[in-house]
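# Structural description and commentary
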Amino acid sequence: MNLALLFTEDFVAADHALLAGRRLAHLHSVLKATEGDLVPVGLVDGEMGTGRVLRLTETEALLQVKLTDPPPAPLPLTLVLAMPRPKMFRRVLQTCATLGVKDIWLVNSYKVEKSFWQTPWLSEENLRENLVLGLEQARDTLMPRVHIRKLFKPFVEDELPALLKNTRALVAHPGTSSPCPTHIEGPATLCVGPEGGFIPYEVDKLIEAGCEAVHLGSRILRVETAVPVLVSRLFDAGA
Ligand code: SAM
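This one's a predicted model, so the numbers in the text were calculated from it and none came from an experiment.

### Examining the sheet that holds strand β1 (residues 4-6)
- Spatial strand order, β1-β4-β5-β6-β3-β2: 6 strands in an open sheet with mixed pairing. Only two strands of the sheet have a single neighbouring strand rather than two, namely β1 and β2 (11-13). In this sheet, adjacent strand axes meet at a mean angle of 40° when their direction is disregarded.
- Looking at chain direction, strand β5 (residues 48-56) and strand β6 (residues 61-69) are connected through 8 bridges and run antiparallel. Across the sheet, T50 pairs through a bridge with K66, a residue of β6.

This is the structure we're talking about:
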């Protein structure tokens with residue numbers, strides 16, 4: 001937690017926030033904060049700044065909050081991700097939030113097991129918790145939006161073309177002939193397949209919708225590795 005993300009419900013006065021639970025535990029055990037210290041904070045979807053620790057007990061921390069700086073610019077990327085297996089999903093979600101991805105579309109694909117959609121990690125509360133962890137890691141406040149589409153064909157035919165408009169549209173697929181571009185200018189839409197990969201029908205549908213199939217070399221990467229590798233190829237660190 002490189003920043004404590006604050007929500008309106010944390011505020012007990014205009015510039016005073018109370019922390020408990022995970023964020024309090026972090027102040028104690030990792031930051032070893034004491035009264036008077038300044039800790040980095042940010043208001044969800046708002047500015048970042050510092051919190052002066054006015055009171056610190058075992059049950060709560062009272063911070064005097066000063067918000068002064070804008071969060072980092074969002075990554076100009078729409079990520080279309082075949083629903084990963086639950087164990088990996090949580091990590092991928094956190095990584096996406098840390099990398100600055102703000103628009104995540106979780107879609108079905110032939111090789112996504114039906115049971116993946118039953119995971120409790122897809123509940124509103126759990127999605128938010130993992131996105132918060134990712135944002136806090138990065139020092140960012142802008143909450144990503146997660147859209148769930150459990151039917152591949154209607155999504156690709158009816159919704160994807162509008163998402164791709166005015167973006168560099170890519171589907172990462174091993175074995176294709178074009179390498180993934182680097183340092184692109186402007187926004188992109190990127191489709192990443194499931195553990196077993198997109199089937200040829202799905203790749204064809206994505207290409208038909210306007211995506212270009214690209215590869216990352218002959219090594220097959222896990223989804224959790226492929227996403228940061230793709231993002232860092234596409235966008236410069238300052239983006
Ligand atoms: N056996 C699957 C295949 O050949 O498509 C491997 C799937 S890989 C574990 C999961 C996803 O990560 C892929 O669908 C693709 O989107 C992305 N990916 C992983 N390695 C890649 C590579 N070398 N080139 C392009 N995409 C890759």
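### Examining the layout of surface pockets
- By volume, the largest pocket is sized at about 440 Å³.
- Listing elements by their share of the lining of the largest pocket, those giving two or more residues are α2 (86-99) and α6 (223-234).
- Among the elements that line the lining of the largest pocket, the one with the most residues is α2, at 3 residues.

### Some details on the sheet that holds strand β12 (residues 212-214)
- Read across the sheet, 6 strands follow the order β9-β8-β7-β11-β10-β12 without closing on themselves; strand pairing throughout is parallel. Lying at the two open borders of the sheet, with one neighbouring strand each, are β9 (145-149) and β12. Neighbour-to-neighbour, the strand axes of this sheet turn through a mean angle of 20°, independent of strand direction.
- Bridge count for strand β10 (residues 168-172) against β12 is 3 bridges, and the pairing is parallel. Note that in β12 the partner of A172 across the bridge is V214.
- Relative to the sheet, α6 contacts β7 (77-82), β10 and β11 (188-192), its axis offset from that of β11 by approximately 160°.

### Considerations on the domain arrangement of the protein
- The domain boundaries assigned to the protein delineate domain 1 (4-69) and domain 2 (77-238).
- A C-alpha centroid distance of 33 Å is found between domain 1 and domain 2.
- Roughly 890 Å² is buried in total at the junction of domain 1 and domain 2, and carbon and sulfur atoms are behind 59% of that figure.
- If you sort the residues of domain 1 by the area they bury against domain 2, L5, R22 and D45 come out on top, with a joint share of 52%.
- At the boundary of domain 1 and domain 2, one finds 2 salt bridges.
- Taking the shortest distance from any N to any O, the salt bridge between E136 and R22 comes out at 2.7 Å.

### Overview of the site of the ligand
- Near the ligand there are 18 residues, and of these A172, G193, L216, R219 and L221 occur at the shortest range.
- Take L221: an N or O atom from its main chain is 2.9 Å from a nitrogen atom of the ligand.
- Cavity membership is defined here by more than half of the atoms lying within 2 Å of grid points; on that basis the ligand lies in the largest pocket.
- A class-by-class count of the residues in the shell around the ligand yields 10 nonpolar, 6 polar and 2 charged.

### Focus on the pattern of salt bridges
- This structure, assessed with the given rule, holds 14 salt bridges.
- Ionic contacts of the salt-bridge type, sharing partners, join the residues K153, E157, K205 and E208 into one network.

Calculation criteria
- Residues numbered from 1 in each chain as written.
- Predicted model: local features only at pLDDT ≥ 70, side-chain atom pairs only at ≥ 80, totals over all residues.
- Heavy atoms only, no water.
- Pairing = 2+ DSSP bridges.
- Helix = DSSP H or I, 4+ residues; strand = E, 2+ residues; numbered from the N terminus.
- Axes fitted to C-alpha atoms, helices over the stretch in contact; angles between N-to-C directions.
- 1 Å grid on protein atoms, 1.4 Å probe; cavity = no way out; pocket = protein on both sides within 12 Å on 5 of 7 lines; lining within 4 Å.
- Points joined across faces, edges and corners; volume = space filled by probe spheres on them.
- Contact = heavy atoms within 4.5 Å.
- Domains from an automatic or database assignment.
- Buried area = accessible area lost by both parts, 1.4 Å probe.
- Salt bridge = Lys/Arg side-chain N within 4 Å of Asp/Glu carboxyl O.
- Near = heavy atom within 4 Å.
- Polar contact = N/O pair within 3.5 Å; in protein donor to acceptor, adjacent residues only side chain to side chain.
- Sits in = over half its atoms within 2 Å of the grid points.
- Nonpolar A, V, L, I, M, F, W, Y, C, P; charged D, E, K, R; others polar.

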